[in-house]
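Here's the letter readout for the chains.
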Amino acid sequence: MKVERVGGRLTRLFRRDTLLIKILSSYFIIVIVLLSVFSFVLFRTYSNKSIEQISQTSENFISQSYYIADTMLINVYYNFYQLFNNSMDNDLNYGLYVDKPDQFADQDALKKLKQYVKSNPLIGSIYIYNSKADRVLFSISEVGEGIQSTTDFLDQDIIRILRNKERNVSNEYFTRKVDYVISNNYVSENFLTLVLANTSNKGEVESSLVINLNQKILQQMVTNGSAGDLNQVLIMYKNGNVLSHDDTSMINKNLANESFAKQIMQSNNEKGSFTTKINGKESLVSYVKAKHLGLIFIGIGEYSKLLSSAYSMQKTLLFLTVIFMLAGILLAVYFTSTIYNPFRKLLHKYRLDSNRLLNDKKKTLLSKIVNGELDEKIFDKEYRMECGVSLDAPFFLTLVLKMDSLEKVLSGKWSKDVRLVRFAIINIACEFFREKGFKVEGVDNGNDYVSIILNVNHRSDELLDNLLDTVKEMQDKVEKYLKISVSAGIGDIAEGIEGIGKSFQNALAASNYRIIFGRKAVIQYGEIAQRNDNVLQEYPYDIEKRMIEAIKESNLRKIDASLNEFFERLALYSADVIQITVLQLAVLLTRTLSGIAKTSIENGEYSIKVLVSEIQTCETLEEIKTYLYSLCFKVVETKGNDSKENVKTVIANKIRDYVGQHYNSINLSTDTVAKYVELSPNYVRSIFKEITGISLSDYITQCRMSEAQRLLIETNDPVSRIAELVGYPENSKHFFTVFKKHFGRTPENYRMSIQNDESPKANFEW
């Protein structure tokens, strides 16, 4: 009965107020449709934004990995190529070309190889192959140095490669797995090998410098220790062979037949990302192609895992949509009497959505123009007008406005959404240029910068000169209203829309010179174009050497002077060369500071990962210099307060006394000294060299030669007897060789010169 009464009431209500029911029904339908459309659009928009963000993050990660690895590989190649081809190192030349062994020259060559191995964390070992002498000089990181015949050499794999006439591996990197035995320990490593070779007319390798890079350390640098959300991070040659991979079993495998590898190799783009199926799973692939070495850096992430947050958000949005839909229906009944207000709000919302879509369309068009992605529509004036872009003058000029002190911006009042900062910069710049009579458009196309397109009627140097003052006024406006400063890069004037992309690239390149000219700089591409065209500047090894010596001497004044001189030289280089040179300096400082501070090179306070990360936050050379000086100051200060240094001095003095008392013993050696002070031979060598500045073996020789000099002058003992008295066996040829090396003449000639009142000069350089 109740059901019948309720049904009767609804029937009477419908008959009495048909219009009200129709209005309610139409409102219900509008609410349901709008919420459904809104949910669908929101789902799609959020998913697309998530995909874009993940793709951009993956590309940035791979780009950063490429930058570090590419720079390190180029540095190794460039430095050793210069040494090898220009014969800049006498010790290396001896090892490569001299076929008669010399004990002292051998030791000098091995010391030099050890220095080169220690100079770069990537280098695992270096060999000098000399076919005429039938031997190999080698230095292996954390193992030691030595000389072996080619037949007995522990790395027979490289011997076979060098003797294979049909395989030319000179002047390029290639991968190989090496198995050998060192000190009764079986070692298996993956190397990235660089061979620099001299060949005969018959194609045989006569001598070669072999540099083996540690693939494991390279992979750690590529991933910074972690690949983030990516399942795989790998480096591949352009022919498909894998050079470096998280999974060592994948190294040297050819992926040319894999669909994702084919798509990358066939692409003309230097970098990008796309989705494809790998092992039956939808995956996101990001890649960067290295220009110099023919390598491809690839990151692969499983799509479902990368978008897990997006899927979770979609479920939340769906639930909220249902709740809002029910709430909308209830509110519709309650506010039916005031239906005009909801209708007006819906209309207003619709207009806002329309404006947003129009703005997105305009931004997409401008982004394509700036990036040089031109199609037929872009050249259609009516289509440009439809998108809200009115650029009809014949010439264009692009500016890049880059935010200064981005870290402070992100940590300040703009931290919630840096897009608002970029939006505000575009609005201020466009409004200002319009006031100055320019036709202008702005586009948000960078993380820390925006682009401004000026449309002008003529091309002239006068226009560029006047523009400098205008840009400086605009910078003042931005700083006044936003409390942040921007640096400006000005491209060259281009004719036609097709030239905007090139003008933008030049403006972006000019903005990178903020590292030299400082914050709030205005940099024209024409001023720096010549720097970009110049060949690589010579690395300032002389200044670097003085800097390292100053650090080891704990001389802050010399450290400051050498850093100033180093960075004054850098200010003359191009922006790209500056980045490479600073990275090379950072690698050396990592070795030096970590060695002094006794910290890990890979994970310690002064590791390459920490230094590169901190340097990347610096925006100017002055900031980088200040940061590096602070590191050196900290190490020097710590070293000065370290009481262990006193202990080392005591040990060094104890060693001096022992050598002074036992230099005449034939059995005196580093091992006997180490046994006396109850320390390991390697540690004894290290302490003595650190405190005195000379090696222990050189100090023993110095003491013996000084005593031999005295005996030749003050006694008539035969030379053979003097050799015995200073610790050399009877009739030892070694004594004559060492004496002549230090005094420039044989013992007999030296004694005769004294008797003839000559003044011989010793060759000691301690």
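See above for the structure.
Residues numbered from 1 in each chain as written. Predicted model: local features only at pLDDT ≥ 70, side-chain atom pairs only at ≥ 80, totals over all residues. Heavy atoms only, no water.

A. Inspection of the overall build of the protein at higher detail. What the protein contains, in helices and strands, is 29 helices and 17 strands. The burial tally for the protein puts 46% of its 766 residues in the buried class. Within the structure as shown, the protein displays about 41,300 Å² of accessible surface, and the carbon and sulfur contribution to it stands at 51%. (Helix = DSSP H or I, 4+ residues; strand = E, 2+ residues; numbered from the N terminus. Buried < 20%, exposed > 50% of the residue type's maximum accessible area, 1.4 Å probe, protein only. Areas by Shrake-Rupley, 256 points an atom, 1.4 Å probe, with all protein chains shown as cover.)

B. Inspection of the pairing of strand 10 (residues 281-289) at higher detail. Taken across its 9 residues, strand 10 has 7 buried, putting it largely inside the fold. Sheet analysis places strand 9 (residues 271-278) next to strand 10, joined by 8 bridges and oriented antiparallel. Counted as the bridge partner of Gly272 is Tyr287 from strand 10. Count of turn residues in the strand 9/strand 10 antiparallel hairpin: 2 residues, of which Asn279 carries a positive phi of about 55 degrees. The sheet contact formed by strand 10 and strand 11 (residues 295-302) spans 7 bridges and is antiparallel. Along strand 11, the bridge assignment pairs Ser286 with Gly299. (Pairing = 2+ DSSP bridges.)

C. Summary view of the environment of Tyr287. Mapped onto the secondary structure, Tyr287 falls in strand 10. Sequence-distant contacts of Tyr287, that is, excluding residues within four places in its chain, are made with Ile62, Ile264, Ser267, Asn269, Glu270, Lys271, Gly272, Ser273, Phe274, Ile296, Phe297 and Ile298. In this structure the side chain of Tyr287 is engaged in a polar contact, spanning 3.0 Å, whose partner is the side chain of Ser267. (Contact = heavy atoms within 4.5 Å. Polar contact = N/O pair within 3.5 Å; in protein donor to acceptor, adjacent residues only side chain to side chain.)

D. Main features of the pattern of salt bridges. If you walk through the whole model with that rule in mind, you get 22 salt bridges. In this structure, the salt-bridge partner of Lys112 is Asp89, at a minimum N-O distance of 3.2 Å. With Lys112 in helix 4 (residues 103-118) and Asp89 in the loop between helix 2 (18-85) and helix 3 (90-97), the pair connects residues that are 23 residues apart, well separated along the chain. Grouping residues by exposure puts Lys112 and Asp89 together as buried. (Salt bridge = Lys/Arg side-chain N within 4 Å of Asp/Glu carboxyl O.)

E. Fine view of the packing of aromatic side chains. Counted according to the given criterion, the structure contains 20 aromatic pairs. Relative to Tyr676, the ring of Tyr658 has its centre 4.3 Å away and its plane inclined at 25 degrees; by these criteria the two rings are stacked. Separated by 18 residues along the polypeptide, Tyr658 in helix 23 (residues 644-662) and Tyr676 in helix 24 (residues 670-677) bring together distant segments of the chain. Here a set of aromatic residues connected by ring pairs shows up, and it is made of Tyr728, Phe735, Phe736, Phe739, Phe743 and Tyr750. Over the ring of Tyr676 we find Lys654, and its NZ or CZ is 5.3 Å from the ring centre. For the cation-ring pair, Arg704 lies above Tyr728, with the distance from its terminal atom to the ring centre recorded as 5.3 Å. (Phe/Tyr/Trp six-rings, centres within 6.5 Å; stacked < 30°, edge-to-face > 60°. Lys NZ or Arg CZ within 6 Å of the ring centre and 35° of its normal.)

F. Broad picture of the packing of helix 24 against helix 25 (residues 681-692). Here helix 24 crosses helix 25 at 90 degrees, and the two axes come no closer than 9 Å. In terms of orientation, helix 24 lies roughly perpendicular with respect to helix 25. Of the residues in helix 25, those in contact with Thr670, Asp671, Val673, Ala674 and Val677 of helix 24 are Pro681, Val684 and Arg685. By residue class, the composition of the contact of helix 24 with helix 25 is 5 nonpolar, 1 polar and 2 charged. (Axes fitted to C-alpha atoms, helices over the stretch in contact; angles between N-to-C directions. Parallel < 35°, antiparallel > 145°, perpendicular 65-115°, else oblique. Nonpolar A, V, L, I, M, F, W, Y, C, P; charged D, E, K, R; others polar.)

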